[in-house]
Amino acid sequence: METADLLKVLYIVAIVAEAMTAALAAGRREMDWVGVCLLGSVTALGGGSVRDVLLGRHPLSWVQHPEYLLITCGAALATIMVARYMRHLRHVFLFLDAVGLVVFTVIGCNVAMSLDMPVVVVIAAGMITGCVGGVLRDVLCADVPLLFRAELYGTVSIVTGGLYMAGKALDLPHDPLTIGVMAL
Amino acid sequence: METADLLKVLYIVAIVAEAMTAALAAGRREMDWVGVCLLGSVTALGGGSVRDVLLGRHPLSWVQHPEYLLITCGAALATIMVARYMRHLRHVFLFLDAVGLVVFTVIGCNVAMSLDMPVVVVIAAGMITGCVGGVLRDVLCADVPLLFRAELYGTVSIVTGGLYMAGKALDLPHDPLTIGVMAL
Amino acid sequence: METADLLKVLYIVAIVAEAMTAALAAGRREMDWVGVCLLGSVTALGGGSVRDVLLGRHPLSWVQHPEYLLITCGAALATIMVARYMRHLRHVFLFLDAVGLVVFTVIGCNVAMSLDMPVVVVIAAGMITGCVGGVLRDVLCADVPLLFRAELYGTVSIVTGGLYMAGKALDLPHDPLTIGVMAL
C-alpha cells in the first residue's frame, strides 16, 4: 500500500473516531440529531480546517472531498444509536479521543512538512490538527476544554510530533515509522 | 427589482436582525456600549466571515463594504435603547433569530453555488452562514449554544437549504423561490 | 531607531505581556505545562492571526517567524515559575493585559492602513488584534470574556485606534506618535 493510501485510511479512521467522541459528548447533553451531526463534523474536521486556514492552504479537505462530511455525520449518528446499548462509555470516549489525537498530529506534521515549514511550525501544525477539534467540541458544550485539564493530552501530541519528525529526519522508511509512532 | 438587489436588501435585514438578537443577549448581561457593538457585529457578520474564510473567498463582505459594520453597531445600540420599553423580549429574540437564520442560510447556499461547489458543501455553507453567528454570540456569553439545545434550530437551516436547492435544481424563477422559501 | 524596528520591539513586548496574562490565568486553574504554553501562544498570537486570516494576509507572523512561538512559550513558562513568589497578581494581570491591548491595537491599525483599508476597517482591525487574544484566553478557560464584562476594556481599544489614526491623518511624525498614544 502506498504512503498516500495509508494516510488516507488513517485519516478516515481518525475522523470517524473524533465524530464518535463528539456524539458521545452530545448524547450526554441530549442534543437532537442535527446537533449531533454538526458537533461530529466540527470535532472531526475542525482541527484540519483551522490548520489549513492558518497556513493559507485551500481548498479545505472537506470542500474538496464532501464525502468526509457524510462520513462524520454517519459516524456520529451511528454512535448515538449504538451508545444506548453500551457501558463503560467513558473509557471508549477516551480511547477514541487518543486515537484521533495521535493520527491527526501525524497528519498535521506531514502537511506542514510538505509545505517546507520550519520545525517549530511543523510541531505547531501537528498540535493544531490534533487538538483543535476536541477543543471546539468542548467549547461548544461550554466545558473547560479537556486539553487544558488533562495532564497527558497535549503532551502526547507534542511527543508524537517530535518522534515522528525525528524518525523522518533520520530518513527512516515512512510507512513503518508512521505505524510505529502510532503504536506507542 | 433584480435578484442581486433583493439579496442585498435581505442581507441587510438579516444582519440587522442578528445584531438585535446580540444586543438583547448583551443587555441581559449588562454589557457596556462597546461590548454591545462588538457582540452585535460578531453575531451579524460572523457566519458569513467564517464561511468565506473556509472557502478561501476574499475580501470579506465587511472589508469590502465597511458600512455593514456601522449598520450592525447602529442596530445593536438602537435595540439596547428601545429594549427598556419593550416586553415579551424573549419572543422578539426568537423571531429575529429565525429571520436571520433563514435569510443567511439562503445567502450562504447562494454563495457556495456561485463557486460551483458540490451539493453537500452548498448545504454546509448555508448552515455555516446561518448558524455560526448565533453560536459565536452564545459562546462569547459563555452559554451552551442555542443551536445545540433547541430541537428546531439546525433542522430549519438544513430544510431551508434543501428546499432552496431543490427549487434551483428545478429551475424555478429565482425571486419568487427565494421569497417562497423564506415565507415558510 | 527605525519605525519598523520600534514596532517589532513593541510587538515582542506585547506578545510577552499577553503570554504572561495567559500563564497567570492558567495558573489559577492548575493547568500542566503544555496547557500553559498553548494558552500563552493562543492568547499572544491569536489576535494577529485572526486579523490576518480575515484580511486574507499570508503567511501569518508566527509561520514566518517561528521564534515568536518559542518566545510566547518561554514567557508563559517563566511566568508560572515566578508567579509563586509574587503577590498582587491581579494588578499585574490587568496591567499586562492593558499593555498588550494598546500595543496590539496600534499594530493592528498599522497593518490595515498598510493595506489601504477604509477607516472603519482600520479601527476594526485594531480592535480585533487587540481584543481577540484575550477573548480566546477567556473562552478557553470557559469564562465570560473580560472584554464583555469590563467597562473600559473595549473602549480603550477604540480610543487608542482613533487617536492613532487621527495623528496619522494629521501627518504627525510616526515614532513620537506611536509612543505618545501608548503613554496615554
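See the structure shown above.
In short, a report on the structure. (Residues numbered from 1 in each chain as written. Chains lettered and ligands numbered in written order. Predicted model: local features only at pLDDT ≥ 70, side-chain atom pairs only at ≥ 80, totals over all residues. Heavy atoms only, no water.)

1. Some thoughts on the overall build of chain A
When you go through chain A residue by residue, the secondary structure sums to eight helices and zero strands. Ordering the α and β elements of chain A from the N terminus gives α-α-α-α-α-α-α-α. Within chain A, buried positions represent 54% of all 184 residues. Counting contacts in chain A only where the partners sit at least 6 residues apart, residues at least 24 apart contribute 75% of the total. Per element, the accessible surface of chain A, about 8000 Å² overall, is 68% carbon and sulfur. (Helix = DSSP H or I, 4+ residues; strand = E, 2+ residues; numbered from the N terminus. Buried < 20%, exposed > 50% of the residue type's maximum accessible area, 1.4 Å probe, protein only. Contact = heavy atoms within 4.5 Å. Areas by Shrake-Rupley, 256 points an atom, 1.4 Å probe, with all protein chains shown as cover.)

2. Here's the deal with unusual backbone geometry
Trans peptide bonds make up most of the peptide bonds, and negative phi angles are found at most residues other than glycine. In the segment running from B:His58 into B:Pro59, the intervening peptide bond is cis, with an omega of -5°. Here B:Pro59 lies in the loop between helix 2 (33–55) and helix 3 (61–64). With a phi angle near 60°, C:Asp116 is a residue other than glycine that sits in the positive phi range. Position of C:Asp116 relative to the elements: it lies in the loop between helix 5 (89–114) and helix 6 (119–140). Look at C:Asp116 and you get exposed, because its relative accessible area is 68%.

3. Points about the environment of B:Val99
All names here are of chain B. Considering the arrangement of structural elements, one finds Val99 in helix 5 (residues 89–114). Distance in space between the C-alpha atoms of Val99 and Gly130 is 9.7 Å, their sequence separation being 31 residues. Sequence-distant contacts of Val99, that is, excluding residues within four places in its chain, are made with Val13 and Ala17.

4. Digging into the packing of helix 2 of chain B against helix 6 (residues 119–140) of chain B
Residue and element names in this part refer to chain B. Axis separation between helix 2 and helix 6 bottoms out at 8 Å; the angle between their running directions is 145°. For the crossing formed where helix 2 meets helix 6, the hand is right-handed. On helix 6, the residues that touch Leu39, Val42, Thr43, Gly46, Gly47, Gly48, Val50, Arg51, Leu54 and Leu55 of helix 2 are Val121, Ala125, Ile128, Thr129, Val132, Gly133, Gly134, Leu136, Arg137 and Leu140. Looking at the contact of helix 2 with helix 6 residue by residue, the classes come out as eleven nonpolar, seven polar and two charged. (Axes fitted to C-alpha atoms, helices over the stretch in contact; angles between N-to-C directions. Left-handed = near helix turned anticlockwise from the far one by under 90°. Nonpolar A, V, L, I, M, F, W, Y, C, P; charged D, E, K, R; others polar.)

5. With respect to the packing of aromatic side chains
Under the counting rule described, the total for this entry stands at six aromatic pairs over all chains. Each residue in the set A:Tyr11, A:Tyr68 and A:Phe104 is aromatic and connected to the rest through ring pairs, giving one cluster. (Phe/Tyr/Trp six-rings, centres within 6.5 Å; stacked < 30°, edge-to-face > 60°.)

6. Let's talk about the side chain of B:Ser49
By the element assignment, B:Ser49 lies in helix 2. At a separation of 2.7 Å, a polar atom in the side chain of B:Ser49 contacts the main-chain carbonyl oxygen of B:Leu45. In this structure, B:Ser49 is in contact with B:Leu60, B:Trp62 and C:Leu54, ignoring residues within four places of it in sequence. (Polar contact = N/O pair within 3.5 Å; in protein donor to acceptor, adjacent residues only side chain to side chain.)

7. Considering the nonpolar core
With 83 residues, the main nonpolar core has A:Leu45, A:Trp62, B:Leu45, B:Trp62, C:Leu45 and C:Trp62 as its most contacted residues. Ignoring sequence-local partners within four residues, the contact set of A:Trp62 consists of A:Leu45, A:Ser49, A:Tyr68, A:Leu69, B:Leu54, B:Val121, B:Ala124 and B:Ile128. Formed by 33 residues, the second largest nonpolar core is a distinct cluster that contains A:Val135, B:Leu39, B:Cys141 and C:Ala23. (Core = buried A, V, L, I, M, F, W, Y, C linked by side-chain atoms within 4.5 Å.)

8. Side note on helix 2 of chain B
It helps to recall that an α-helix has 3.6 residues per turn; residues three or four apart then point in one direction. Residues and elements named next belong to chain B. Helix length check: helix 2, at 23 residues, gives a terminal C-alpha distance of 33 Å against a target of 33 Å (1.5 Å per residue), a fit within 8%. Residue Gly46 marks the point of greatest curvature in helix 2, where the axis turns by about 50°. In terms of burial, helix 2 is a largely internal element, 20 of the 23 residues being buried. Within two residues after helix 2, Gly56 carries a phi angle of roughly 70°, on the positive side. (Expected span 1.5 Å × (residues − 1). Bend = angle between axes of the 7 residues up to and from the residue.)

9. Some points on the packing of helix 2 (residues 33–55) of chain C against helix 4 (residues 67–83) of chain C
All names here are of chain C. For the pair helix 2 and helix 4, interaxial distance at closest approach is 8 Å and the crossing angle is 125°. When the interaxial angle is binned, helix 2 and helix 4 end up oblique. Relative to helix 4, the crossing made by helix 2 is right-handed. Within the contact between the two elements, helix 2 uses Trp33, Val36, Cys37, Gly40, Ser41, Ala44 and Leu45 and helix 4 uses Tyr68, Leu69, Thr72, Cys73, Ala76, Leu77 and Ile80. When the residues that make up the contact of helix 2 with helix 4 are grouped by side-chain class, the tally is eleven nonpolar, three polar and no charged. (Parallel < 35°, antiparallel > 145°, perpendicular 65-115°, else oblique.)

10. Let's talk about the side chain of C:Arg51
Residue and element names in this part refer to chain C. Within the secondary structure layout, Arg51 lies in helix 2. The class of Arg51 is buried, set by a relative accessible area of 8%. In this view, Arg51 contacts Arg57, Ile107, Gly108, Val111, Ala125, Ile128 and Thr129; residues no more than four positions away in its chain are not counted.

11. A look at helix 6 of chain B
Residues and elements named next belong to chain B. In this model helix 6 runs 31 Å from its N-terminal to its C-terminal C-alpha over 22 residues, within 8% of the 32 Å that 1.5 Å per residue would give. When the local axis directions of helix 6 are compared, the greatest deviation, roughly 40°, occurs at Cys131. Of all 22 residues in helix 6, 18 are buried, a share of seventy percent or more.

12. Some remarks on the environment of B:Tyr68
Residue and element names in this part refer to chain B. Tracing the sequence through the fold places Tyr68 in helix 4 (residues 67–83). Classification of Tyr68 as buried rests on a relative accessible area of 5%. A sequence separation of 23 residues divides Tyr68 from Leu45, and the C-alpha atoms of the two residues are 8.4 Å apart. When residues no more than four places from it in sequence are discounted, the contact partners of Tyr68 are Lys8, Tyr11, Ile12, Ile15, Leu45, Ser61 and Trp62.

13. Notes on the pattern of salt bridges
Two side chains carrying opposite charge are able to pair once their charged atoms lie near each other. Inspection of every chain in the model, using the stated rule, returns nine salt bridges over all chains. The salt bridge partner of B:Asp52 is B:Arg51, with a shortest N-O separation of 3.0 Å. Comparing B:Asp52 with B:Arg51 shows no difference in burial state: the two are buried. Here the salt bridges do not stand alone but share partners, grouping A:Arg51, A:Asp52 and A:Arg57 into one network. (Salt bridge = Lys/Arg side-chain N within 4 Å of Asp/Glu carboxyl O.)

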